[in-house]
Amino acid sequence: MHTFTGNHILSVDQFDRAAIEQVFAVADSMQPYALRQKRTTVLNGAILGNLFFEASTRTRVSFGTAFNLLGGEVRETTGMSMSALAKGESLYDTARVLSGYSDIIAMRHPQAGSVAEFAEGSRVPVINGGDGANEHPTQALLDLYTIDKEQRAMGGSIDGLHIAMIGDLKHGRTVHSLSKLLALFNNLHFTLISPIELGMPDSIVSVLEDHGHKVTITDQLSGSVDADICYQTRIQEERFTSQEEANRYRGRFRLNQDIYTKHFKSNTVIMHPLPRDSRAEANELDNDLNLNPNLAIFRQTDNGVLVRMALFALTLGVENLVSQYDQTVVWHSNKSN
Amino acid sequence: MHTFTGNHILSVDQFDRAAIEQVFAVADSMQPYALRQKRTTVLNGAILGNLFFEASTRTRVSFGTAFNLLGGEVRETTGMSMSALAKGESLYDTARVLSGYSDIIAMRHPQAGSVAEFAEGSRVPVINGGDGANEHPTQALLDLYTIDKEQRAMGGSIDGLHIAMIGDLKHGRTVHSLSKLLALFNNLHFTLISPIELGMPDSIVSVLEDHGHKVTITDQLSGSVDADICYQTRIQEERFTSQEEANRYRGRFRLNQDIYTKHFKSNTVIMHPLPRDSRAEANELDNDLNLNPNLAIFRQTDNGVLVRMALFALTLGVENLVSQYDQTVVWHSNKSN
Amino acid sequence: MHTFTGNHILSVDQFDRAAIEQVFAVADSMQPYALRQKRTTVLNGAILGNLFFEASTRTRVSFGTAFNLLGGEVRETTGMSMSALAKGESLYDTARVLSGYSDIIAMRHPQAGSVAEFAEGSRVPVINGGDGANEHPTQALLDLYTIDKEQRAMGGSIDGLHIAMIGDLKHGRTVHSLSKLLALFNNLHFTLISPIELGMPDSIVSVLEDHGHKVTITDQLSGSVDADICYQTRIQEERFTSQEEANRYRGRFRLNQDIYTKHFKSNTVIMHPLPRDSRAEANELDNDLNLNPNLAIFRQTDNGVLVRMALFALTLGVENLVSQYDQTVVWHSNKSN
């Protein structure tokens, strides 16, 4: 079995199915704390180094909140430390120094491979919070956890699911990593819907097929898709050579309640990595879906806190101690209602 | 009676006199914690989302300190989250996501109405820390609390006071909101001193007159003003079309010890929303007033912490629990001397 | 004896030998907390105002971590508060306001003398975290503490040491302050190695000689230096009028394992204020030294946390209370292995 205690979390490639299930079981146990039914002091006195060398408000705050919910403190940095870099400091040196200031580090950096390079110099465990176009494992885990949890609520599980992925599947780090994790489960059907030019990379499709999953590729959202999950993504306009070219795709895969009703089942779960573009000309997920109980996009971000709590607890070896340090929540909370 | 528990605080219009008096009573009870005579752990484990989408060091730190003094943790963001906005995320979505990361939110944003819009999407109470030219209710409450406290120290109260407001009364969000709150009290006399072009808006003057208060409007600081409170403001140069035009007003309403002695009573309380412009050419409040015991400007900012503690305690429903969680302060404090 | 409790720490000039030894004794006692063998709650509820008006990631996080390790909370600001400054606020006013928000302040500011000016307005103790070209006393203290600790590990002490300082000794705030502190000890030998144009200022050399220390000045690293400490610094290229001029010095005092073996003893301790320039053309300390057990540069930054913990404890008067508030560390730590 995978040992989390004291180790880095850098890539989805580190996870096998047993490790995933372990994370999910611990994430489930974190729910009462996130809902403010109780709180824990298990990490009182521990320090997270929340090092965001690239800005990402929601991911940064999610990591910090997860650590606070376990009772720990957070020291933080946002944006590149230009002075040290300009003076030619290596990532190894930065890691040696900053790892002296905390018990565990969550790190985001714009450069692919940078977090793994940093981890080599670090004297404490490092969790990758996104390294450029490369990896963002906690996002993939929270997406997978959401799929699992939504299906469990309906008496199901991940095995056997039909998952539709829609939009720009070529550039989306999110759908690549999620696909790699899903590949570890059994008997899935993937329907990949995108403009031909923005299709899922062959390397990812191969991973899915090599694991025996069924893969359907199309450039049209047509007929009944019959999917259990509809994972919608953003058309990444900045990747196109001209606005004119990008405009060819804009709104092509928009989803609203009418389109949902036409193509999907009444219980198809709608997901999106967020932020969604709510402007009329993009409108990947129309606001009229906010009333649809299957819209899981805000449950995804809530689950992100649970998954990050689980990863912190496992990495610091306290996953079985948390409830021994339970305390009562004495303030009013809208969440525990 | 107003119910604070679980509700947003967005505007001074939410407050009636009973609600104000409730806030002030709780603020009074916070004094021993701010003076470090004791500390409390009532909010241990609670998380404030301190979301400053517009920079404001003192307001941001004041909110954060107030929450720490109650025992809570603070997760923070400063400046616009450009990436999510550039990708077209709505304030509703931002609120749904970020409200999953904390128990209560204090928010500042440059756009009028933004905080109320955010609050509609939030699943936890939101306190408005300033939304552009619109509202800054905690500033108005701390100003009012200061007036009340200064008068109580002299055996008086707000009812019956004579309040002079001086400077740019047209553009100052502060004096508008404060006037609305003061209007709820009885038998006040307002002397509004400003260049004619920078006078208090008619809508505010009407509120004061409709509540039966006496309003004197003048463009000269002359003779004996006989006011109990002198609320000085900054000439907001950036609102003028030219520096030449602005220079016509510069230094016109400066206050120093000589001018104070000439026009005011020996116990007239001097207030200012801060920061004051201490440069010689502006000099709204000369440094020679620092020795004047009636200069209340730093007591105002200290009172800001008490008022924000009170609002947090009331909104989270712990106002009667705070002292049950008292602890001894074991470190040396210059404040408790 | 020096009294720390309730007082500012602004300059190395405040320290005599007894005060230094007091700081070092307290710093030693902080080691078990930094190594996570235990934790303390002595400053639970205390608030540090970590005011970095100039960015410096490692110094800022080091101060914050030191305060967290003692159990306290941290409120922070990074970068100039442009709005208040643009509105002409004085440092005195800023200090009066912000000192109402914390129990103690650590402050960095780009302008020489600014921290002392701020301290005059502050109602709580202020620790100088660097004020431009002027002072950075906690860096000097951690350097001195490292020298002491490295020698103690070999059965020695500071008195009688031979210390080589290499590189740009003219512009380095670090070597100036460290020299002033070292001057308080007995019978030292300083070998100052730099290009003639970048030599140690006469004022510092005079301090060393006036205290009876031996000073050797040279522009060559040649022969056997026989030093106990090799304090390497960065050639500060930005101080030169042209890149061409700077290039005359680049690489001239680089140090790698071969050069170390040729000129130094087998137990000469290697120090550097960090960050080191690891680019090939500068290479002040080659990465091949990372395997050399005498490379103390990362022990320096670790020691920085201990020294800052000591200064916080002494200034808040809890240096003898810390261990009364000991708690068990329940999470796994690579540091306590």
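Position numbers for residues start from 1 in each chain and track the written sequence from start to end. By the order in which they are written, chains take letters starting at A while ligands take numbers starting at 1. Side-chain atom pairs in this predicted model are given and counted only at pLDDT of 80 or more, local residue features only at pLDDT of at least 70, and totals for whole chains, interfaces and linings cover all residues. Working from all heavy atoms in the structure, the side-chain values ignore hydrogens and water.

## Overview of the pairing of strand S3 (residues 73-78) of chain C
Residues and elements named next belong to chain C.
Argument step 1. Accessible area is worked out with a 1.4 Å probe on protein chains only. A residue is then buried under 20% of its type maximum, exposed over 50%, and partly exposed in between. Elements are defined by DSSP. Helices are runs of H or I of four residues or more, strands are runs of E of two residues or more, and each kind is numbered from the N terminus. Most of S3 sits inside the fold, with five of its six residues counted as buried.
Argument step 2. Pairs of strands are assigned from DSSP output, requiring at least two bridges between the strands. Note: strand S2 (residues 47-52) against S3, six bridges, orientation parallel. The residue bridging Asn-50 from the neighbouring strand is Glu-76, located in S3.
Argument step 3. At this point the chain moves from S2, through helix H2 (residues 57-69), to the parallel S3, and the crossover so formed is right-handed. Note on handedness: a crossover is taken as right-handed if, strands pointing away from the viewer, the path from the first strand over the helix to the second is clockwise.

## Thoughts on the packing of helix H2 (residues 57-69) of chain A against helix H11 (residues 297-315) of chain A
In a pair of packed helices, the angle between the axes and the distance between the axes together describe the arrangement.
All names here are of chain A.
Argument step 1. Helix axes are fitted only over the stretch in contact, all axes being lines through C-alpha atoms; the angle between N-to-C directions runs from 0 to 180 degrees. It is at 8 Å that the axes of H2 and H11 come closest, and there the two elements cross at 55°. Between H2 and H11, the interaxial angle falls into the category oblique. Classified by chirality, the crossing of H11 by H2 is right-handed. For the pair formed by H2 and H11, the contact residues are Thr-59, Ser-62, Phe-63, Thr-65, Ala-66, Phe-67 and Leu-69 on the first element and Gly-304, Val-305, Arg-308, Met-309 and Phe-312 on the second.
Argument step 2. Looking at the contact of H2 with H11, its residues break down into seven nonpolar, four polar and one charged. Angle categories are assigned with fixed cut-offs, so that under 35 degrees is roughly parallel, over 145 is roughly antiparallel, 65 to 115 is roughly perpendicular, and the rest are oblique. For any helix crossing, the convention is left-handed if the near helix is rotated counterclockwise from the far helix by under a right angle, and right-handed if that rotation is clockwise. Should any heavy atoms of two residues lie within 4.5 Å, those residues are considered in contact. Under the scheme applied here, ten amino acids are nonpolar (Ala, Val, Leu, Ile, Met, Phe, Trp, Tyr, Cys and Pro), four are charged (Asp, Glu, Lys and Arg), and all others, including Gly, are polar.

## Remarks on the packing of helix H6 (residues 137-153) of chain C against helix H11 (residues 297-315) of chain C
All names here are of chain C.
Argument step 1. Packing of H6 against H11 brings their axes to within 8 Å, and their N-to-C directions diverge by 115°. Judged by the angle between their axes, H6 and H11 are roughly perpendicular. Helix-helix and strand crossings are classified by hand; for H6 and H11 the assignment is right-handed. On the side of H6, the interface is formed by Thr-138, Gln-139, Leu-141, Leu-142, Asp-143, Tyr-145, Thr-146, Lys-149 and Glu-150, while H11 contributes Arg-299, Gln-300, Asn-303, Gly-304, Leu-306, Val-307, Arg-308 and Leu-311.
Argument step 2. Of the residues in the contact of H6 with H11, the class split is six nonpolar, six polar and five charged.

## Examining the interface of chain B and chain C
Argument step 1. Facing 31 residues of chain B, the contacting portion of chain C comprises 36 residues.
Argument step 2. Two parts placed together each lose some accessible area; with a 1.4 Å probe, that loss summed over both constitutes the buried area. Here chain B meets chain C over a buried area of about 3100 Å², counting both sides, of which 50% is carbon and sulfur.
Argument step 3. By definition here, a salt bridge exists when the distance from a side-chain nitrogen of Lys or Arg to a carboxyl oxygen of Asp or Glu is within 4 Å. Run the count over chain B and chain C and you get five salt bridges.
Argument step 4. Close ionic contact of Glu76(B) with Arg75(C) constitutes a salt bridge, the shortest N to O distance being 3.8 Å.
Argument step 5. Whenever a nitrogen or oxygen atom comes within 3.5 Å of another N or O atom, the pair is scored as a polar contact, on the condition that within protein one atom can donate a hydrogen and the other can accept it, and that pairs from neighbouring residues in sequence are kept only if both atoms are in side chains. Our count for the chain B to chain C interface comes out at 16 residue pairs in polar contact (both at pLDDT 80 or more).
Argument step 6. Mapped onto the side of chain B that touches chain C, the elements with two or more residues apiece are helix H2 (57-69), strand S3 (73-78) and helix H11 (297-315) of chain B.
Argument step 7. The element contributing the most residues to the side of chain B that touches chain C is H2(B), with nine residues.
Argument step 8. Taken together, the residues of the side of chain B that touches chain C break down into nine nonpolar, 10 polar and 12 charged.

## Thoughts on the interface of chain C and chain A
Argument step 1. Listed by partner, the interface residues are 31 residues for chain C and 36 residues for chain A.
Argument step 2. Both sides of the chain C and chain A interface together cover about 3100 Å² of buried area, and 50% of this is carbon and sulfur.
Argument step 3. Connecting chain C to chain A are five salt bridges.
Argument step 4. For Arg276(C), the salt bridge goes to Asp93(A), with nearest N and O atoms at 2.5 Å.
Argument step 5. Where chain C packs against chain A, one counts 16 residue pairs in polar contact (both at pLDDT 80 or more).
Argument step 6. Residue assignment for the side of chain C that touches chain A shows that the elements contributing at least two residues are H2, S3 and H11 of chain C.
Argument step 7. Tallying contributions element by element places H2(C) first for the side of chain C that touches chain A, with nine residues.
Argument step 8. The residue inventory of the side of chain C that touches chain A, partitioned by class, reads nine nonpolar, 10 polar and 12 charged.

## Some words on unusual backbone geometry
Argument step 1. Look at the link from Leu274(A) to Pro275(A): it is a cis peptide, with omega at -5°.
Argument step 2. If you trace the backbone, Pro275(A) turns up in the loop between strand S10 (269-271) and H11.
Argument step 3. Phi at Arg36(A) takes a positive value of approximately 65°, unusual for a residue other than glycine.
Argument step 4. Mapped onto the elements of the fold, Arg36(A) is located in the loop between helix H1 (17-34) and strand S1 (39-40).
Argument step 5. Residue Arg36(A) is classed as buried on the basis of its relative accessible area of 4%.
Argument step 6. The backbone phi angle of Asn187(C) is positive, close to 60°, even though this residue is not glycine.
Argument step 7. Structurally, Asn187(C) is set in the loop between helix H7 (173-182) and strand S7 (189-193).
Argument step 8. Classification of Asn187(C) by relative accessible area gives exposed; the value is 62%.

## Quick notes on the packing of aromatic side chains
All names here are of chain B.
Argument step 1. Aromatic contacts are taken between Phe, Tyr and Trp rings whose centres are within 6.5 Å, Trp giving its six-membered ring; a plane angle under 30 degrees counts as stacked, one over 60 as edge-to-face, and the others as tilted. This model, assessed by the stated rule, comprises 21 aromatic pairs over all chains.
Argument step 2. With a centroid separation of 6.0 Å and an interplanar angle of 65°, the aromatic rings of Phe-63 and Phe-312 are classed as edge-to-face. Here Phe-312 lies in helix H11 and Phe-63 lies in helix H2, a separation of 249 residues in the sequence. Comparing Phe-63 with Phe-312 shows no difference in burial state: the two are buried.
Argument step 3. Ring geometry for Phe-67 versus Phe-312: centroids 5.0 Å apart, planes at 80°, classification edge-to-face.

## Focus on the relation of the copies chain B and chain C
Argument step 1. Copies are brought into register by a least-squares superposition over C-alpha atoms of residues with pLDDT of at least 70 in both. Between chain B and chain C, which share one sequence, the superposing operator has a rotation angle of 120° and an axial displacement of 0.0 Å; the RMSD is 0.0 Å. Both copies are brought into coincidence by an operation consistent with a three-fold rotation axis. Minimal C-alpha separation from the rotation axis in chain B is found for Glu73(B), amounting to 4.7 Å.
Argument step 2. Of all interface residues in chain B, a mere 6% are interface residues in chain C too; the two copies therefore contact each other through different surfaces.

## Topic: the domain arrangement of chain A
Residues and elements named next belong to chain A.
Argument step 1. Domain boundaries assigned for chain A yield domain 1 (12-136 + 302-327) and domain 2 (138-298).
Argument step 2. An automatic or database domain assignment provides the domain bounds reported here. For domain 1 and domain 2, the distance between their C-alpha centres works out to 27 Å.
Argument step 3. On the domain 2 side, the residues contacting the 29 residues of domain 1 number 22 residues.
Argument step 4. When the two sides are added together, the surface that domain 1 and domain 2 hide from each other amounts to roughly 2200 Å², 57% of it contributed by carbon and sulfur.
Argument step 5. Broken down residue by residue, the surface that domain 1 buries against domain 2 is led by Arg-17, Phe-24 and His-136, which jointly contribute 30%.
Argument step 6. Between Asp-28 and Arg-152 there is a salt bridge, and its shortest N-O distance comes to 2.8 Å.
Argument step 7. If you look at where domain 1 meets domain 2, you find 12 residue pairs in polar contact (both at pLDDT 80 or more).

## Let's talk about the side chain of Asp228(C)
Residues and elements named next belong to chain C.
Argument step 1. Structurally, Asp-228 can be placed in the loop between strand S8 (214-218) and strand S9 (229-232).
Argument step 2. In this structure the side chain of Asp-228 is engaged in a polar contact, spanning 2.7 Å, whose partner is the side chain of Lys-265.
Argument step 3. Non-local contacts of Asp-228, meaning those with residues more than four positions away in its chain, are made with Gln-151, Leu-161, His-162, Lys-265, Asn-267, Thr-268 and Val-269.

## Quick word on the pattern of salt bridges
Argument step 1. This structure, assessed with the given rule, holds 51 salt bridges over all chains.
Argument step 2. Each of the salt bridges in this network shares a partner with another, and the network as a whole consists of Arg17(A), Glu21(A) and Asp159(A).

## Concerning the relation of the copies chain C and chain A
Argument step 1. When chain C is brought onto chain A, the operation consists of a screw motion whose angular component is 120° and whose axial shift is 0.0 Å, with 0.0 Å RMSD remaining.
Argument step 2. When the interface residues of chain C are mapped onto chain A, a mere 6% of them again fall at the interface, so the copies present different faces.

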